[in-house]
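# Chains, contacts and geometry: an overview
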Amino acid sequence: MLSTSLFDYDLPPELIAQHPAERRDGSRMLVLDRVTGACEIHPFGAIREYLSPGDALIYNDTRVLRGRMYARKNGDPAGAKFELLLVQALDPERRRWNALLKPGKRALPGVFAQLLENDGTLNENGDGFTVLGRSGDGGFEIEFNTPDSDRLQARYGHIPLPPYITRGDETADAERYQTVYAEKAGAVAAPTAGLHFTPEILADLTAKGVREAAVTLHVGPGTFKPVSVENAEEHQMHSEEYFLTQETAELINATHAAGKRVLAVGTTTVRTLESCADPDGTVHPAHGNTRIFLYPPYRIRAVDLLLTNFHLPKSTLLMLVSCFCDREKVLAAYELAIREKMRFYSYGDCMLLK
């Protein structure tokens, strides 16, 4: 049995970052030596110093959907107000979707809801969706009455900020809650370890001889689901779609064969690679859906360095980090970060485990 309480810690609420740093690279980075447990705190730009020629930097190029929308039942200004969160397209036209709906008890099959403009008024085009029924993971299947869901997202959609950010989305979030290399739309949350990178830092690393490549894992809403059972091994993970290309797999394998290191940017990158890894760390190209749950005593196979933000207490992501470095050292580093008033979670500071 793995007790969930082993991954608990107390965080002062004022350390939860509500806005991004003034600059993308303006965050701090706690560097944790996973052998000795020694910690240092540097500006994020120091990431350049921890990578060498021939190392590989692997990041997640998913893009966050403008998938949070609001609607009124039956197009009635006084009708029940729905909050819609798009999760995964179910057809190539991106007309039918798996989605989360609140309040779920009002979302009966056949119900139509008309989308709201950003000022809260009903749109005049009749744009909306019909509830088709329940889907897996507690969600719903819905169908828009137009095939152009990208247009609907652009007009009516909001960036779905995490639940611990207690404000509504703002204009700046459309840029700052995406990585600079975000390309493939499909996530409900950003792979936040990558939010610190700028084109200049990536260019400097390339000039240094660090090679880079992407995986794709479309982060789902379950990423914020706490582990609510005392025996963590009984926790049911959510399913997320991932892609690992032949090119990226070959780079990772060649990097290790040359005695160099692979830096994973974020836990989503780790989950993708570990879903495709042999016991010796060799990875293979694949596309599928993963429910992989990484917790001690599992040891990460395909990755040598990990860049990650700070994670919620009792979360699967904190357990994953503890597969890369002993839990006691990780929590000691968190205690240091709290004492130094580092900023936590999606828009916060980060840590590099080496």
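Above this note sits the structure.
These notes cover the structure that comes with them. Starting from 1, residues in each chain are numbered consecutively following that chain's sequence as written. Local features in this predicted model are restricted to residues whose pLDDT is 70 or higher, and side-chain atom pairs enter the listing and the counts only when it is 80 or higher, whereas totals over whole chains, interfaces and linings include all residues. Note that water and hydrogens are dropped before the side-chain values are worked out from all heavy atoms of the structure.

### Description of the overall build of the protein
- Here a strand is any run of E in DSSP of at least two residues, a helix any run of H or I of at least four, and the numbering for each starts at the N terminus. If you tally the helices and strands in the protein, you get 7 helices and 17 strands.
- For the radius of gyration, the atoms used are the C-alpha atoms, and the globule rule reads 2.2 Å times the number of residues raised to 0.38. Since a compact globule built from 354 residues should have a radius of gyration of about 20 Å, the 21 Å found for the protein is in line with a globular shape.
- Oriented by its inertia axes, the alpha-carbon framework of the protein measures out at about 60 × 45 × 40 Å.
- For each residue, the accessible area found with a 1.4 Å probe, counting protein chains only, is set against the maximum for its type, and the residue is called buried under 20%, exposed over 50%, and partly exposed in between. By residue count, 54% of the 354 residues in the protein fall in the buried class.
- Should any heavy atoms of two residues lie within 4.5 Å, those residues are counted as being in contact. Considering only contacts in the protein between residues 6 or more positions apart, those separated by 24 or more positions represent 71%.
- Accessible surface, the protein as shown: approximately 15100 Å² in total, 49% of it carbon and sulfur. Using a 1.4 Å probe, accessible areas were evaluated by the Shrake-Rupley method; residue-level cover was limited to the displayed protein chains.

### A few points about the environment of Ala302
- Within the element layout of this structure, Ala302 appears in the loop between strand 15 (286-290) and strand 16 (305-309).
- Ala302 sits 41 residues away from Arg261 along the chain, and the two C-alpha atoms are 9.6 Å apart.
- With sequence-adjacent residues up to four places away left out, Ala302 is seen in contact with Ile252, His256, Val262, Leu273, Glu274, Ala277, Gly281 and Val283.

### Examining the packing of aromatic side chains
- Only Phe, Tyr and Trp rings take part, Trp by its six-membered ring, and two of them pair if their centres are within 6.5 Å. Stacked means planes under 30 degrees apart, edge-to-face means over 60, and tilted covers everything else. Here the structure, examined in full by the defined rule, presents 12 aromatic pairs.
- Considering the side-chain rings of Tyr9 and Phe344, the 6.3 Å spacing of their centres and the 45° angle between planes classify their relative orientation as tilted. Highlighted residues: Tyr9 in the segment before strand 1 (28-32) and Phe344 in the loop between helix 7 (327-339) and strand 17 (350-353), separated in sequence by 335 residues.
- Grouped by ring-pair contacts, the aromatic residues Tyr9, Tyr164, Phe310, Tyr334, Phe344 and Tyr345 constitute a single cluster.
- Over the face of the ring belonging to Phe324 we find Arg34, whose NZ or CZ atom lies 4.0 Å from the ring centre.
- We call a charge positioned over a ring when the NZ of a Lys or the CZ of an Arg lies within 6 Å of the ring centre and within 35 degrees of the ring normal. Positioned over the ring face of Tyr70 is Lys81, at 5.1 Å from the centre of the ring.

### Topic: helix 5 (residues 267-275)
- Buried residues dominate helix 5, accounting for 8 of its 9 residues.
- Among the residues making up helix 5, those that are buried are Thr267, Thr268, Thr269, Val270, Arg271, Thr272, Leu273 and Glu274.

### Remarks on the sheet that holds strand 14 (residues 262-265)
- Here, a strand pair is defined by DSSP locating no fewer than two bridges between the strands. Here 9 strands make up an open sheet; going across it, the order is 2-1-17-16-14-3-12-13-15 and the pairing mixed. Of all the strands in the sheet, just strand 2 (39-43) and strand 15 have a single pairing partner and so form its edges. With strand direction ignored, the average angle separating the axes of adjacent strands in the sheet is 20°.
- Inspection of the sheet shows strand 1 paired to strand 17 by 4 bridges, in the parallel sense. The partner of Val31 across the bridge, within strand 17, is Leu352.
- Along the sheet face, helix 7 touches strand 1, strand 2, strand 16 and strand 17 and points at about 150° away from the line of strand 1. Axis angles are defined between N-to-C directions and span 0 to 180 degrees, where every axis is a line fitted to C-alpha atoms and, for a helix, only to the segment in contact.

### Brief notes about the pairing of strand 5 (residues 68-73)
- Alignment of strand 5 against strand 6 (residues 81-89), held across 5 bridges, turns out to be antiparallel. Opposite Met69, over in strand 6, you have Leu84 as the bridge partner.
- The sheet contact formed by strand 5 and strand 8 (residues 112-115) spans 3 bridges and is antiparallel. Looking at strand 8, one finds that Arg72 is bridged to Gln114.

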